[in-house]
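What follows is the residue order along each chain.
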Amino acid sequence: MSMGQSPTPGRFVQCANCRKTLFLAEFLRDLKVCGHCGHHHRLTWQERVEATFDPGTFEETDTGLRSVDPLEFPEYREKHVAAMAKTGMADSVVGGRARIEGRRVSVAVADFHFMGGSMGSVAGEKVTRALERGCDELMPVVAFCASGGARMQEGLLSLMQMAKTTAAVERCRSEGVPFIAVFTDPTMAGVLASYASVADVILAEPRALVGFAGARVSKQAQVVKAPDDFQTAEFCLRAGMVDAIVHRRELRDHLGRLVGALGAHLAPKEALVG
Amino acid sequence: MAKTWKEWMKPLLELEELIEKLRAAAAKETDPVEHERLEAKVHDFERRRDAVLNVMITRMGPWEEVLMARAEPRPYTLDYVDAMFTEFTELAGDRRVGDDKAVVGGPARLDERPVMVLGHQKGRNLQERTFRNFAMCKPEGYRKAIRLFEMAERFRMPVVTFVDTPAADPGVESESRGISEAIADSMRVMFSLTVPVVSVVIGEGGSGGAIGIAAANEVLMQEHAIYSVIPPEGCAAILWRDPAKGPQAAAALRLTARSAGELGLVDRVLPEPFGGAHRDPVEAADTVKRAVLESLAALDRMGPNEVKRHRYDRFRRMGVYETV
């Protein structure tokens, strides 16, 4: 875990927001939400899967996809290798099939710990495949977003992932396949300005950073004075850009109801196909 | 390294200024001997200018391409609209909050054929640039684009877009009106169209701001245009905490037309008049027009659903990775 120093390693952790000391067991049981201030700490993709889907139902797909360094971008290989070693992941997104409240879903889960969750060719391909799998196998699609944006190190190829994933969302729309996006901390830039924002339903975790321009880029662009909660989930809710802010412990239930309601019409089709 | 096109082109611009002065003096000169002498001087300096230009253009690296793509005298969208189309009728507004002057569009005719034209619009002086918000679209710009795309679909008009923006507008207002959603939705609507779409990158293809109107069946790119996931200065600020390292970032990002072509991300790289499109805007527009007509002719052979499928497949292929 990477959320501050604990006074007694292994038994206690410190909240990254309010700095209060928490029992590790309690903290984990609360899905890494601080019992004092409610701060939602970032999850790894495995923790997200455990917190969200029916136990034992997650089945990973597209495990063989590996990033290459098509531009021979400075230090990309080294950073990528270090991220793989740190996270045990092949890239920033994990795709698969799972069940929520017994209902089948196609899923894509991003993990911020892998190069800031950035979207390059592999992440874009996995998200696209998750959306297409929803169409091909007639099941709703759920994507957990956690990303600083497009991956600079793959240049224009990363920009094109924005178009590719968005095309797949349009395919879902035209085929009546529901797509639900969950904005977790952070959901930014190239990911926000592509597939994430055109989901049928958008949920966000409390106080997640959600915005178009990164802080450092914004500073260069001389952004005028912003409200205190600028680029947060709460700001987005007020602006009408997300449907609801949902506490992590209620996400499974919330998603289950949405998947059930929006995806109910797919079941008879599935029977016909099957 | 030069920070702007003007700074980079200074030796050339100074020579051209001198040539203009000599030419004016020669025109006024009544003494035939002195007139002849001045004319000869003009020719001499013109040769020198051509030599200087030749060296500058043949030695262009990625950073010079950035400067050229941003060059003030470069033809902008409305210049191409004037040169390539007839009967252009500008339409304004997103029917929600306002009209974004950073993007212009409307129906026009391309050799008699009705088409929908749309593009980012830069300004040539400070007043114009402010009016056009430096071609940085706000959400209403993309929502105006969506309006025109949907209209094109209803009336079976092919769509031609011109891409020339440093980036989408990153301000507070844009965030609160959903700039990300507007860009994404514009792309999404483009993917829903069954009429052909051709995009031409004529200057700066600035990240999300550019791809928001460039989800096309065919993407053409002028020789000295750039197309990038992030402005080189922004990339340098993030990677090396130093926006001044833009030239290094420009090289790393492979944002030139040639690189985009080599990566298969644009379909054709269109040659420009030597020294850049602004040195012969008529020839530049003629080249773009011929290329757009050729692209549309190829797409015309497809049925509506095939056109939509073609666009999906074009982007579906994009991405470089290994499978183990």
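Source: prediction; values computed, not measured. (Residues numbered from 1 in each chain as written. Chains lettered and ligands numbered in written order. Predicted model: local features only at pLDDT ≥ 70, side-chain atom pairs only at ≥ 80, totals over all residues. Heavy atoms only, no water.)

**What about the overall build of chain B?**
A count of helices and strands for chain B gives 15 helices and eight strands. The C-alpha extent of chain B, read off along each of the three principal axes, is 70 × 50 × 40 Å. Across chain B, the fraction of contacts at a sequence separation of at least 24, relative to all contacts at a separation of at least 6, is 73%. One finds the centroid of the 46 positive side-chain charges in chain B at a distance of 4 Å from the centroid of its 51 negative side-chain charges. (Helix = DSSP H or I, 4+ residues; strand = E, 2+ residues; numbered from the N terminus. Contact = heavy atoms within 4.5 Å. Lys, Arg positive; Asp, Glu negative; His and termini not counted. Charge placed at Lys NZ, Arg CZ, Asp CG, Glu CD.)

**What to know about the confidence of the model for chain A**
Considering every residue of chain A, the mean pLDDT works out to 92; 91% of them sit at 70 or more. A low-confidence stretch, residues 1-7 of chain A (pLDDT under 50), is modelled with 16 contacts involving residues beyond four sequence positions or located in other chains. (pLDDT = per-residue confidence, 0-100.)

**Looking at empty space enclosed by the protein**
Enumeration over the complete set of coordinates arrives at three cavities of 30 Å³ or more. In this structure, the largest cavity encloses a volume near 140 Å³. As for the largest cavity, its lining consists of 15 residues, of which A:Leu192, A:Cys236, A:Met241, B:Gly178 and B:Ser180 are closest to the centre. At the level of elements, α8 (233-238) of chain A together with α9 (179-192) of chain B are the ones that each hand at least two residues to the lining of the largest cavity. Ranked by the residues each element gives to the lining of the largest cavity, the list is headed by α9(B), at three residues. For the lining of the largest cavity, the per-class residue count stands at 10 nonpolar, three polar and two charged. Empty space within the second largest cavity amounts to approximately 80 Å³. If you trace the second largest cavity, you find 14 residues lining it, with A:Arg42, A:Leu43, A:Arg48, A:Ala146 and A:Thr184 closest to the centre. Within the residue set of the lining of the second largest cavity, elements represented by two or more residues are β6 (103-110) and β8 (179-188) of chain A. Each residue belonging to the lining of the second largest cavity can be placed in one class, and the counts come to five nonpolar, four polar and five charged. (1 Å grid on protein atoms, 1.4 Å probe; cavity = no way out; pocket = protein on both sides within 12 Å on 5 of 7 lines; lining within 4 Å. Points joined across faces, edges and corners; volume = space filled by probe spheres on them. Nonpolar A, V, L, I, M, F, W, Y, C, P; charged D, E, K, R; others polar.)

**A word on the environment of B:Pro281**
Positionally, B:Pro281 belongs in helix α14 (residues 281-300). Counting along the chain gives 205 residues from B:Pro281 to B:Tyr76, while the straight-line C-alpha distance between them is 10.0 Å.

**Quick word on helix α5 (residues 155-174) of chain A**
Helix length check: α5(A), at 20 residues, gives a terminal C-alpha distance of 30 Å against a target of 28 Å (1.5 Å per residue), a fit within 8%. Buried residues dominate α5(A), accounting for 17 of its 20 residues. (Expected span 1.5 Å × (residues − 1). Buried < 20%, exposed > 50% of the residue type's maximum accessible area, 1.4 Å probe, protein only.)

**Comments concerning unusual backbone geometry**
With glycine set apart, most residues show a phi of negative sign, and most peptide bonds adopt trans. Here the residue pair A:Asp185 and A:Pro186 is connected by a cis peptide bond, since its omega of -10° sits within 30 degrees of zero. Looking at the secondary structure, you find A:Pro186 in strand β8. Backbone geometry places B:Glu112, a non-glycine residue, at a positive phi of 80°. Within the secondary structure layout, B:Glu112 lies in the loop between β1 (103-110) and β2 (113-120).

**A look at the side chain of A:His41**
As for its placement among the helices and strands, A:His41 is situated in the loop between α1 (24-29) and α2 (45-52). Here A:Ala16 takes part through its backbone nitrogen, which lies 3.0 Å from a polar atom of the side chain of A:His41. (Polar contact = N/O pair within 3.5 Å; in protein donor to acceptor, adjacent residues only side chain to side chain.)

**A word on the nonpolar core**
Ranked by size, the top nonpolar core spans 145 residues in total, and within it A:Phe183 and B:Tyr227 carry the most contacts. Among the elements that make up this core, the one with the highest residue count is α5(A) (10 residues). Residues contacting B:Tyr227, with those up to four places away along its chain left out, are A:Leu156, A:Leu159, A:Met160, B:Val201, B:Gly205, B:Ala210, B:Ile211, B:Ala214, B:Met221, B:Leu255 and B:Val266. Judged by nonpolar contacts, the second largest core, of 23 residues, contains B:Val81, B:Val115, B:Leu270 and B:Ala277. (Core = buried A, V, L, I, M, F, W, Y, C linked by side-chain atoms within 4.5 Å.)

**Regarding the interface of chain B and chain A**
Across the boundary between the two partners, chain B contributes 52 residues, which contact 59 residues of chain A. Roughly 4,800 Å² is buried in total at the junction of chain B and chain A, and carbon and sulfur atoms are behind 71% of that figure. At the junction of chain B and chain A, the tally comes to three salt bridges. Its salt-bridge partner being B:Arg188, residue A:Glu170 comes within 2.7 Å of it at the nearest N-O pair. Run the count over chain B and chain A and you get 14 residue pairs in polar contact (both at pLDDT 80 or more). (Buried area = accessible area lost by both parts, 1.4 Å probe. Salt bridge = Lys/Arg side-chain N within 4 Å of Asp/Glu carboxyl O.)

**So, α14(B)**
Two residues of an α-helix separated by three or four positions point the same way, owing to the 3.6 residues in each turn. For α14(B), with 20 residues, the first-to-last C-alpha span of 28 Å sits near the 28 Å given by 1.5 Å per residue. Within α14(B), burial applies to B:Ala284, B:Ala285, B:Thr287, B:Val288, B:Lys289, B:Ala291, B:Val292, B:Ser295, B:Leu296 and B:Leu299.

**Focus on the domain arrangement of chain A**
Where the parts come together, the accessible area they lose is often given as the size of the interface. Residues and elements named next belong to chain A. In terms of domain boundaries, chain A breaks down into domain 1 (1-41) and domain 2 (42-272). Between domain 1 and domain 2, the C-alpha centre-to-centre distance is 25 Å. With 10 residues of domain 1 at the interface, the matching set in domain 2 holds 11 residues. Buried area between domain 1 and domain 2, summed over both chains or domains, comes out near 860 Å², and the portion from carbon and sulfur atoms is 50%. Of all residues in domain 1, Leu 31, His 40 and His 41 give up the largest surface area on contact with domain 2, accounting jointly for 62% of the area buried on that side. Inspection of the domain 1/domain 2 interface yields one salt bridge. Close ionic contact of Lys 32 with Glu 47 constitutes a salt bridge, the shortest N to O distance being 2.6 Å. Applying the counting criterion to the domain 1 and domain 2 interface returns five residue pairs in polar contact (both at pLDDT 80 or more). A breakdown of the residues in the side of domain 1 that touches domain 2 according to their chemical character gives four nonpolar, five polar and one charged. (Domains from an automatic or database assignment.)

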